[in-house]
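Architecture and fold: a report
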Amino acid sequence: MAPIRVLVADDEPLIAAGIRAVLESAADLEVVAVVADGAAAVEAAGRAGPDVALLDVRMPVLGGLDAMAAVRAARPGVAIVVLTSFGDEPNVLRALREGASGFLLKSCAPEELLRAVRAAHAGDAYLSPPVARQVLGLVGAGGVAAAERRRAAAGRLAALSPREADVLRLVAEGLSNADIGARLRMSEPSVKTYVSRLLAKLDCANRVQAALLYRDAN
């Protein structure tokens with residue numbers, strides 16, 4: 001199989017070099033570009049054709065979060081993993097709601113970086129454990145804004161069939177396709193079809209975005 005093509009965008013040369021070294025240590029990964037700002041990431045996405053883009057949150061010219069949409073426009077289908085030095089990054093939910101496949105701390109172990117890239121390429125999502133705990137806390141926050149999100153999310157979920165809604169509920173619990181199939185007595189290929197269908201109906205880029213939408217609605 002062809003290696004997973006990865007774009008790295010980070011303005012710290014030492015960090016970028018370390019990420020590149022970790023990625024290139026894996027036989028199934030290929031680094032196709034390393035850039036130092038979000039604008040360069042957009043250009044590289046169109047030129048180098050990455051499967052996965054690792055975008056630092058804080059970069060000159062254009063930050064990772066602001067570059068996400070343009071990177072996806074330049075390279076449709078690319079999976080995005082956001083990198084940050086901070087476990088309490090206030091933009092975690094923004095990144096995930098806008099379609100990031102993961103949010104990874106730069107302090108993570110090399111194996112965690114590889115796991116995140118592979119998960120993103122497979123259509124799954126990966127959050128560093130401290131970030132996952134932060135997301136759960138943020139999603140649970142109340143207030144008027146949360147109530148408005150709940151109504152909007154419930155309206156979008158109304159488009160799902162009962163079976164699609166069942167699959168989404170289990171996706172939101174973090175189950176794999178195999179586990180969902182076992183729970184609902186469906187084949188794994190059928191689950192994959194349902195997941196693809198519900199993502200299209202909800203206009204979600206990936207499973208984590210759909211899971212957050214489900215949590216917003218409930």
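Computed from a predicted model, the values in this text were never measured in an experiment.

Criteria and thresholds
Residues numbered from 1 in each chain as written. Predicted model: local features only at pLDDT ≥ 70, side-chain atom pairs only at ≥ 80, totals over all residues. Heavy atoms only, no water. Phe/Tyr/Trp six-rings, centres within 6.5 Å; stacked < 30°, edge-to-face > 60°. Lys NZ or Arg CZ within 6 Å of the ring centre and 35° of its normal. 1 Å grid on protein atoms, 1.4 Å probe; cavity = no way out; pocket = protein on both sides within 12 Å on 5 of 7 lines; lining within 4 Å. Points joined across faces, edges and corners; volume = space filled by probe spheres on them. Helix = DSSP H or I, 4+ residues; strand = E, 2+ residues; numbered from the N terminus. Nonpolar A, V, L, I, M, F, W, Y, C, P; charged D, E, K, R; others polar. Buried < 20%, exposed > 50% of the residue type's maximum accessible area, 1.4 Å probe, protein only. Contact = heavy atoms within 4.5 Å.

1. Quick look at the packing of aromatic side chains
Inspection of every chain in the model, using the stated rule, returns 0 aromatic pairs. Directly above the ring of Tyr194 sits Arg197, whose terminal nitrogen or CZ lies 5.0 Å from the centroid.

2. Concerning the layout of surface pockets
Think of a ball as big as a water molecule: rolled over the atoms, this probe shows where empty space is left. Estimated volume of the largest pocket: approximately 920 Å³. Forming the walls of the largest pocket are 39 residues, and the residues nearest its centre are Gly123, Asp124, Ala125, Arg207 and Val208. Counting residues per element, the ones that place at least two in the lining of the largest pocket are strand 4 (79–84), helix 5 (110–121), strand 6 (126–127), helix 6 (129–139), helix 8 (162–172), helix 10 (188–202) and helix 11 (207–217). Top element by residues in the lining of the largest pocket is helix 10. It accounts for 6 residues. A breakdown of the residues in the lining of the largest pocket according to their chemical character gives 21 nonpolar, 10 polar and 8 charged. Space inside the second largest pocket adds up to approximately 170 Å³. In this structure, the second largest pocket is lined by 13 residues; those nearest its centre are Gly18, Ile19, Lys106, Cys108 and Leu113. At the level of secondary structure, the elements contributing two or more residues to the lining of the second largest pocket comprise helix 1 (13–24), strand 5 (102–105) and helix 5.

3. Focus: the environment of Ser101
Examined against the element boundaries, Ser101 turns out to sit in the loop between helix 4 (92–97) and strand 5. We classify Ser101 as buried; its relative accessible area is 5%. Residue contacts for Ser101: discarding those within four places in its chain leaves Ala79, Ile80, Ala120, Asp124, Ala125, Tyr126 and Asn206.

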